[in-house]
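Secondary and tertiary structure notes
What follows is the residue order along each chain.
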Amino acid sequence: MEAESSASGAAGAAAASAPGEGSTVVPLEVVYCGVCSLPPEYCEFGATVKKCTDWLAGNHPSLHQKLYSSEALESKMGTMTLEAQQKAEKDLAKKQQKEELRQEREAAKKKSSVITIKRVERTKRKYVTVVSGIEAFELVYKTVAKEFGKKFACGSSVTKSAAGTEEITVQGDLSDEILEELVEKYGIEEDNIRQVEESKKKGGSGAG
Amino acid sequence: MFKKPVSSSGKTKIKSSVQRNIRQKICEQFPLLESVIDDVLPKKAQLDLIKAPEKVSLYALDNQVLFFQHHNDAIMPHLRIVHKYPQCFPTVQVDRGAIRFILGGAQLMCPGLTSPGAKLPPPEGNLPEGTVVAINAEGKEHACMIGVLKMSTEDIKKLNKGNGVENCHYLGDGLWQMDSE
């Protein structure tokens, strides 16, 4: 660190004329699109152009002005042949349509998917609560399990169900609390959550 | 390399001696970066190693990937670093027509590097085969791809055919998505 600062201090006086040398390189701050995460100038190649432009206009109006003014649009098209342009546009339109469809599908899927909160009996009066299906709402099992453990001060872990899918097992009868937590903290509609109680296996107790 | 989303299998802390080695290697590979290496990779910082499939290692600091490396090949910077310090990396430019293919993950073909909109270094600044380069695009400010030269830039000019740069990391690929989450 010391070496660096002294070097830049010495060079600072002289380096004004040689910007490319890198003796006083300052990191550039780059704005990234909030929709597609690329630098805004590449948004036009993505599938969510419209949303990206709106986002940029709302969040960085000056940059939006620079990138999407009519002159900028014109100069951009300058070097490509007409044929190539048309082809590119066609491709892009196709891609956009696909993306829109995909999003629609995803939204529909989200609406129809359900989180299950299951109360399972351990012993006569002890229960564990099993939560499954949260992946459809873009939640990660591991982190949510940790959060539950912290919130309810109990054991909470990710386990594999018999079907091979993941689920969260929370120790204790917490189904109502978890329902509330899911609605409040993770913003999931109550209609999408189902509470189930696992019935005791009939005849299973006799074997032990 | 990162066409699919990266599925990492946990991260481990890197030994400080190994970290010193990595640092030195980066400096050797990108001499221009040496002046800012303390900002990119502070000496005291604890780097994390994230192992990705197919022998790819990601070097991350505070959950942000800074560099990546395939097996024992050259270390390559994440695009975010290139965006921050564009002048520290050797750069070539492609024409506008090639951008959409790059963002789709295609290999970079020579004609895209030699057409009027593109820029290659002059003969005296010839970059040899195997150099890690940042790829800029015509009319754009920021780099859109990191690649390895498949032939020297002079050969690209001469042959003007075939695969010029191997696409290792591009905007919007698995590695990029991983970080923006």
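Residues numbered from 1 in each chain as written. Chains lettered and ligands numbered in written order. Predicted model: local features only at pLDDT ≥ 70, side-chain atom pairs only at ≥ 80, totals over all residues. Heavy atoms only, no water.

Within an unreviewed UniProt entry, the label attached to chain B reads Translation machinery-associated protein 20, and the organism entered is Arthrobotrys conoides. According to UniProt, the comment filed for chain B under the heading Function (unreviewed entry) is "Involved in translation." According to UniProt, the comment filed for chain B under the heading Subcellular location (unreviewed entry) is "Cytoplasm". (UniProt positions renumbered as here; feature names shortened; annotations may be inferred.)

An unreviewed UniProt entry annotates chain A as Translation machinery-associated protein 22 of Arthrobotrys conoides. For the record of chain A, the UniProt heading Subunit (unreviewed entry) holds the text "Interacts with the 40S ribosomal subunit." Of chain A, the UniProt comment under Sequence similarities (unreviewed entry) reads exactly: "Belongs to the DENR family."

1. Some thoughts on the sheet that holds strand β1 (residues 11–13) of chain B
Residue and element names in this part refer to chain B. Taken in spatial order, the five strands of this open sheet run β1-β2-β3-β4-β5, and their pairing is antiparallel. Both edges of this open sheet fall to β1 and β5 (75–77), since each of them pairs with a single strand only. Across the sheet, the mean angle from the axis of one strand to that of its neighbour is 30°, orientation sign disregarded. Each of β3 (56–61), β4 (64–70) and β5 is contacted by helix α1 (residues 16–29), which is oriented at about 75° to β5, the strand it contacts most. (Pairing = 2+ DSSP bridges. Helix = DSSP H or I, 4+ residues; strand = E, 2+ residues; numbered from the N terminus. Axes fitted to C-alpha atoms, helices over the stretch in contact; angles between N-to-C directions. Contact = heavy atoms within 4.5 Å.)

2. Digging into the interface of chain B and chain A
In many reports, interface size means the accessible area that the parts give up when they come together. Each partner contributes residues to the interface: chain B has 26 residues there, and chain A has 24 residues. Area buried by chain B at its contact with chain A is led by Arg 96, Arg 100 and Lys 140 of chain B, which between them contribute 27% of it. The tally of links between chain B and chain A comes to three salt bridges. Glu 44 of chain A is the salt-bridge partner of Arg 96 of chain B, the closest N and O atoms lying 3.2 Å from each other. Here chain B is connected to chain A by nine residue pairs in polar contact (both at pLDDT 80 or more). Residues belonging to the side of chain B that touches chain A are distributed by class as follows: 11 nonpolar, seven polar and eight charged. (Buried area = accessible area lost by both parts, 1.4 Å probe. Salt bridge = Lys/Arg side-chain N within 4 Å of Asp/Glu carboxyl O. Polar contact = N/O pair within 3.5 Å; in protein donor to acceptor, adjacent residues only side chain to side chain. Nonpolar A, V, L, I, M, F, W, Y, C, P; charged D, E, K, R; others polar.)

3. Details of the state of the cysteines
Residues and elements named next belong to chain A. Evaluated as defined, the whole model comprises zero disulfides over all chains. There is no disulfide at Cys 36, and the cysteine sulfur nearest it, in Cys 52, is 3.4 Å away. A relative accessible area of 17% places Cys 36 in the buried class. (Disulfide = S-S within 2.5 Å. Buried < 20%, exposed > 50% of the residue type's maximum accessible area, 1.4 Å probe, protein only.)

4. Section: the packing of aromatic side chains
Considering all chains together, one arrives at four aromatic pairs over all chains under this definition. Here the aromatic rings of Phe 148 of chain A and Phe 152 of chain A are separated by 5.8 Å at their centres, their planes lie at 40°, and the arrangement is tilted. Placement of both Phe 148 of chain A and Phe 152 of chain A in helix α6 (residues 141–152) is noted, with a separation of four residues, approximately one turn of the helix. Across this residue pair, the class does not change: Phe 148 of chain A and Phe 152 of chain A are buried. For the cation-ring pair, Arg 119 of chain A lies above Tyr 127 of chain A, with the distance from its terminal atom to the ring centre recorded as 4.0 Å. When the ring centre of Tyr 42 of chain A is taken as reference, the NZ or CZ atom of Lys 140 of chain B above it lies at 5.7 Å. (Phe/Tyr/Trp six-rings, centres within 6.5 Å; stacked < 30°, edge-to-face > 60°. Lys NZ or Arg CZ within 6 Å of the ring centre and 35° of its normal.)

5. Description of the confidence of the model for chain A
Residues and elements named next belong to chain A. Residue-level pLDDT values for chain A average 76, and 77% of them are 70 or greater. Here residues 1–23 is a poorly scored stretch, pLDDT under 50, and it has eight contacts once near neighbours within four places are set aside; other chains count. In this model residues 202–208 is a low-confidence stretch, pLDDT under 50, and it forms zero contacts with partners more than four residues away in sequence or in other chains. (pLDDT = per-residue confidence, 0-100.)

6. Re the packing of α6 of chain A against helix α7 (residues 175–185) of chain A
Residues and elements named next belong to chain A. Two numbers describe how α6 lies on α7: the axes approach to 12 Å, and their chain directions differ by 115°. The chirality of how α6 crosses α7 is right-handed. Between α6 and α7, the residues in contact are Glu 147, Phe 148, Lys 151 and Phe 152 and Glu 177, Ile 178, Glu 181, Leu 182 and Lys 185, respectively. Counted by class, the contact of α6 with α7 contains four nonpolar, no polar and five charged residues. (Left-handed = near helix turned anticlockwise from the far one by under 90°.)

7. Here we look at the pairing of strand β3 (residues 156–160) of chain A
Residues and elements named next belong to chain A. As judged from the five bridges shared by β3 and strand β4 (residues 166–171), these two strands associate in the antiparallel manner. Across the sheet, the residue bridging to Thr 159 is Glu 167, located in β4. In textbook terms, the turn of a hairpin is the stretch between consecutive antiparallel strands, and for β3 and β4 this stretch comprises five residues, one of which, Gly 164, has a positive phi near 95°.

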